Amino acid sequence: MNLKGISLQDWITLIVGMLGFISACLSRTDRLPSWARKWLKKIGAARITDAIERAAAIAELTPDQRQKQAVVYLQKLCIKELGFPVPTSIANLLIEQVYQQWKRNRR
């Protein structure tokens, strides 16, 4: 294989393609997996935000305790209003995702 025979245009095309691939991979780091987005769609970001705000209103809790309390609120809310339970692992993931957006919007 001879690298000297490859034109400059081919090298530029290869580099642009690699940069596009890398930027696409980096842009997905903030996104939820498809199965988690289905849960988010069923529950709704507003309900998750409500659970986060209720937990944030309790002043004597540490941030870790607030996150756990938000998960509990979300699980109770889903059973009461939507009629289905949400596993703790999924509730944690959704709370964390929506919390990051909520935190950015509060600034």
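Residues numbered from 1 in each chain as written. Predicted model: local features only at pLDDT ≥ 70, side-chain atom pairs only at ≥ 80, totals over all residues. Heavy atoms only, no water.

Enquirer: How do you make sense of the overall build of the protein chain when you look at a structure like this?
Expert: For the protein chain, the helix and strand inventory stands at five helices and zero strands. The order of helices and strands in the protein chain, counted from the N terminus, is α-α-α-α-α. Seen along its three principal axes, the alpha-carbon backbone of the protein chain occupies a region of about 70 × 30 × 20 Å. The buried share among the 107 residues of the protein chain stands at 21%. Of the contacts made within the protein chain by residues no fewer than 6 positions apart, 60% connect residues no fewer than 24 positions apart. Accessible area for the protein chain stands at about 8,000 Å²; split by element, carbon and sulfur atoms hold 59% of it. Between the mean site of the 17 positive side-chain charges and the mean site of the 8 negative ones, the protein chain shows a separation of 4 Å. (Helix = DSSP H or I, 4+ residues; strand = E, 2+ residues; numbered from the N terminus. Buried < 20%, exposed > 50% of the residue type's maximum accessible area, 1.4 Å probe, protein only. Contact = heavy atoms within 4.5 Å. Areas by Shrake-Rupley, 256 points an atom, 1.4 Å probe, with all protein chains shown as cover. Lys, Arg positive; Asp, Glu negative; His and termini not counted. Charge placed at Lys NZ, Arg CZ, Asp CG, Glu CD.)

Enquirer: Hey, could you run me through the packing of aromatic side chains in this one?
Expert: For any two aromatic rings, the description comes down to two numbers: the centre-to-centre distance and the angle of the planes. Counted under the stated rule, the structure contains two aromatic pairs. Measuring from ring centre to ring centre gives 5.7 Å for Tyr99 and Trp102, while their planes differ by 40°; the resulting arrangement is tilted. Here Tyr99 and its partner Trp102 are both found in helix H5 (residues 88-106), three residues apart, which amounts to about one turn of the helix. Owing to a relative accessible area of 30%, Tyr99 belongs among the partly exposed residues under this scheme. Accessibility expressed as a relative area gives 13% for Trp102, which makes it buried. Looking at Lys42, its charged tip hangs above the ring of Trp39, at a distance of 5.5 Å from the centre. (Phe/Tyr/Trp six-rings, centres within 6.5 Å; stacked < 30°, edge-to-face > 60°. Lys NZ or Arg CZ within 6 Å of the ring centre and 35° of its normal.)

Enquirer: What should I look at first to understand a nonpolar patch on the surface in this one?
Expert: On the surface, Leu3, Leu8, Trp11, Ile12, Leu14, Val16, Met18, Phe21 and Ile22 cluster together to form a nonpolar patch covering roughly 920 Å² of accessible area. Topologically, Trp11 is positioned in helix H1 (residues 8-27). When its relative accessible area of 35% is taken as the criterion, Trp11 is described as partly exposed. (Patch = residues over 30% accessible without salt bridge, like charges linked within 9 Å, V, L, I, M, F, W, Y side chains within 5 Å. Salt bridge = Lys/Arg side-chain N within 4 Å of Asp/Glu carboxyl O.)

Enquirer: Is there a simple way to explain helix H3 (residues 45-56) in this structure?
Expert: What sets the pattern is the α-helix's 3.6 residues per turn: residues three or four places apart point alike. For H3, built from 12 residues, the straight-helix expectation of 16 Å at 1.5 Å per residue is met to within 8% by its first-to-last C-alpha distance of 16 Å. Among the residues of H3, Ile48, Ala51, Ile52 and Ala55 are the ones counted as buried. Taken around the axis of H3, the buried residues stretch over an arc of 95°, which confines them to a single face. The elements touched by buried residues of H3 are helix H2 (34-43), helix H4 (63-82) and H5. (Expected span 1.5 Å × (residues − 1). Arc of directions from axis to C-beta.)

So, to be careful, I would describe these as geometric facts and stop short of saying anything about function.
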